[in-house]
Amino acid sequence: MHISIEKRGYVSKKYYTSVYLISIFVAVILSSFIFLLRGINPFYAFSKIFQGSFGSPFGLKETIAKAIPLLLITEGLIVAFKGKFWNIGANGQLLVGATFATWIALNFGPYHSSISTITIMFLVGFLGGALFGLIPALLKVKLGINEIISTLMLNYIAEDFVEYLVYGPWKGKTQYGFPYTDNFPQSATLAQIPGTRISYITLIIALLSAVLIYLFIEKTKYGYEIKVTGENPHAARYSGIDFVKITIIMMLISGGLAGIAGVGEVAGIHRHLTYPAQISSGYGYTAIIVAWLAQLNPILAIVSAVFFGGILVGGDVIQTSLGFPFSTINAFNGLILIFVMVGNFFTEYKIKIRR
Amino acid sequence: MDLIISILQRTMVAGTPLLLGTIGEIITERSGILNLGIEGMMALGAIIGFSVTYITKNPTLGLIAAILSGGILSLLHAFVSITIRGIQTLSGLAIAMIGIGLAGMLGKSYIGAPLSVRFSEVAIPGLSKIPFIGPILFNRDPLFYIGIILAVVSWFILFKTRWGIIIRSVGENPKASDALGINVSLVRYLSTFIGGCFAGFAGAYLTLAYMPSWIEGMTGGRGWIVIALTIFAQWDPLRAILGAYLFGGVDVLQYILQPLGIPVPILKMTPYFVTIIVLIITAREVMRKHLGAPKSLGEPFIKGEK
């Protein structure tokens, strides 16, 4: 018997979709072992998670609230990943965006109208994330520094910096010693859909970003150049594409969108800057999987972000009602990522068995 | 003088897990496989080492279990990158997440539990009496000595034996190696497994020698620093010794500077800053001397394809 692996030619949409659905399904089944390890009935655990994330109005609202930052970050990551720039630093970019916006909220907000404060917060949030994204881009194009390491290191640096601020110079005078900045003035907070933690503006910006990134990638010259750079960097250079410029553009967008997500979190949900793990429960890392599950398609990313919003809420559920630490969710995420790749394999190759 | 000795002693302890992880990653990357999952395999090794030692009261058993746990997790990476030709960067990140997640979950009931047994210092007769050097280098835990020996042995195997030539040629030019009858996939599987074992070992060092307790996130980015150290070491285990203990020193520096009134979060940033700076310095050296990574690093090998 001889087993060989061969490239598949054309793949129908139906086959493609079913392969991915099966992959996710298998990942979910396998993740039941995590529950079994602690002696918890997986069916019970999954029903709890489903109830908490998609199966109840409250859960659904929380799921959407978490899907918003995920979607914003994912749209940025899609741009970077299309250009084969491994931006693992969205978490740091989010935190810097949140920090910039916090400064505006506390120093500009009290004396200005809501419209101008909020507008400026989103602008500086984008700027903060973009500038923080620019660092690994420059390190890569000027010095050839691997961006995976630099973005990861910058995540830790951003986390420590926010920690420094909220424990140190920015610690609020009205927060009873908690590591929070003072609460934002009214003019610097975002209105929420009543009864939820979803802010209208961030939701609209997130959905808009999906459409804009789609148009950017598919319809503009830069979008095209990013794709070519990602698919074949050598060809890109020979055809006169400016690698330095393209890398900088994609990281400004990628970091900027993460920064906007950060603004949404501080202005829409927390209303002050606080401990970094509170501002972002690993959104920057989860979004990597959101992006690949959506096959780097900016529109499909909406669905994928909602799905992972649910998983993050599920993380809260297993923490509060089953006594798991929140970090368990990482194991689920990793498993899903592995199975997305297994799915990729089955759409690209077929296994032939000959006797 | 005593202070300097104590600083250098702590440097040796802090550098050892980095050295172990880096040796493993060097072996893996030399075969052409990039495994970014060190942080996860280390975390898993740390908790498996801790819990097995906690239950059996035997740190050697804990160490063996930790080594195996890292190795087994790395096989998942090997499967995805070698057999199903997945993107190695993504697979490595997935491994990191799985390891961190599992460790967090398995470790929950051990948070705050003290470990009654661990690897304690063994003075080497004679050598430990040498002034200054003795207490720093020859009065350490046995794993420290093993780490140094493994670095030298790995260097010898990689550069002075047939096995080493095979591993390196698979990482440089898998097609030519295949033509010579070398089983590229097998070599890569084994190299990845060995790398995972080293990461598990490094994790166990944290809980069984460095600080005998478990807290979530205790790997603290060491797994990522290992990836950077591999580049700094230019895929040479002997250079890894230098890099790892340099970073051990940076780690200790945080505690020395603390009494000076520098805020703790700012001090915590130092290893990450230093990592970036070291990479910048390495990049300049690489440009000057035309060094570089194994040529096929991160690329899947597909037999019979052009």
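In this text the structure is predicted, and so the values were computed from the model without any measurement. (Residues numbered from 1 in each chain as written. Chains lettered and ligands numbered in written order. Predicted model: local features only at pLDDT ≥ 70, side-chain atom pairs only at ≥ 80, totals over all residues.)

J.: What is the right way to read the overall build of chain A from this model?
T.: Along its length, chain A carries 14 helices and two strands. What you see for chain A is a C-alpha radius of gyration of 21 Å, in line with the 20 Å of a compact globule of 355 residues. Structurally, chain A occupies a C-alpha span of about 80 × 60 × 30 Å along its principal axes. A total of 355 residues make up chain A; the buried ones form 54% of that total. Look at the contacts in chain A between residues 6 or more apart in sequence, and 78% of them connect residues 24 or more apart. (Helix = DSSP H or I, 4+ residues; strand = E, 2+ residues; numbered from the N terminus. Rg over C-alpha atoms; globule rule 2.2 N^0.38 Å. Buried ≥ 20, exposed ≤ 12 C-beta atoms within 10 Å, placed from the backbone. Contact = placed C-beta atoms within 7 Å.)

J.: So what exactly am I meant to see when it comes to the UniProt feature "transmembrane region" (unreviewed entry) in chain B here?
T.: Residues and elements named next belong to chain B. Under the feature "transmembrane region" (unreviewed entry), the UniProt entry names residues 33-55, 61-80, 92-111, 143-165, 186-208 and 269-287. Within residues 61-80, the helical portion is 100% and the strand portion 0%, while the C-alpha atoms at the span's ends are 29 Å from each other. Helix makes up 100% of residues 269-287 and strand 0%, whereas the separation of the span's terminal C-alpha atoms amounts to 28 Å. (UniProt positions renumbered as here; feature names shortened; annotations may be inferred.)

J.: Before we go on, may I ask you to explain the confidence of the model for chain B in this structure?
T.: Regions with low pLDDT should not have their predicted coordinates read in detail. Per-residue pLDDT for chain B has a mean of 91; in total, 99% of the residues score no lower than 70. Interface confidence for the predicted complex, given as ipTM, is 0.91, next to a pTM of 0.93. (pLDDT = per-residue confidence, 0-100.)

J.: Would you explain unusual backbone geometry in this entry?
T.: Keep in mind that most residues, glycine aside, have a negative phi and that most peptide bonds are trans. Residues and elements named next belong to chain A. Phi at Lys84 takes a positive value of approximately 55 degrees, unusual for a residue other than glycine. In this structure, Lys84 sits in the loop between helix H3 (57-82) and helix H4 (90-107). With 18 C-beta atoms packed within 10 Å, Lys84 lands in the partly exposed category.

J.: Just to check I follow, could you spell out the packing of helix H6 (residues 142-160) of chain B against helix H7 (residues 162-172) of chain B for this structure?
T.: To characterise two packed helices, one gives the angle between the axes of the helices and the distance between these axes. All names here are of chain B. For the pair H6 and H7, the least separation of the axes is 5 Å and the interaxial angle reads 75 degrees. With respect to each other, H6 and H7 are oriented roughly perpendicular. Where H6 approaches H7, its residues Ile157, Leu158, Phe159 and Lys160 are matched on the opposing element by Trp163, Gly164, Ile167 and Arg168. Looking at side-chain class alone, the contact of H6 with H7 contains five nonpolar, one polar and two charged residues. (Axes fitted to C-alpha atoms, helices over the stretch in contact; angles between N-to-C directions. Parallel < 35°, antiparallel > 145°, perpendicular 65-115°, else oblique. Nonpolar A, V, L, I, M, F, W, Y, C, P; charged D, E, K, R; others polar.)

J.: Can you help me understand the UniProt feature "transmembrane region" (unreviewed entry) in chain A in this one?
T.: Residues and elements named next belong to chain A. Within this structure's numbering, the places UniProt gives as "transmembrane region" (unreviewed entry) are residues 20-44, 88-106, 118-139, 198-217, 243-264, 285-312 and 324-346. Note that residues 88-106 is 89% helix and 0% strand, and that its end C-alpha atoms are spaced 30 Å apart. When the span residues 198-217 is considered, its composition is 90% helix and 0% strand, and the gap between its end C-alpha atoms is 28 Å.

J.: What am I meant to see in the packing of helix H8 (residues 221-231) of chain A against helix H10 (residues 243-270) of chain A here?
T.: Residues and elements named next belong to chain A. Running from amino to carboxyl end, H8 crosses H10 at an angle of 110 degrees, the nearest separation of the two axes being 10 Å. By the angle between their directions, the pair H8 and H10 is classed as roughly perpendicular. Note on element contacts: H10 touches H8 through Phe243, Ile246, Ile249 and Met250, opposite Tyr222, Glu225, Ile226 and Thr229. Taken together, the residues of the contact of H8 with H10 sort by class into six nonpolar, one polar and one charged.

J.: Could you clarify how one ought to interpret helix H6 (residues 147-167) of chain A in this entry?
T.: An α-helical turn contains 3.6 residues, so any two residues separated by three or four positions project in the same direction. Compared with the 30 Å implied by 1.5 Å per residue over 21 residues, the 30 Å span of H6(A) between its first and last C-alpha is a close match. Counting buried residues in H6(A) gives 19 out of 21 residues, a clear majority hidden from the surface. (Expected span 1.5 Å × (residues − 1).)

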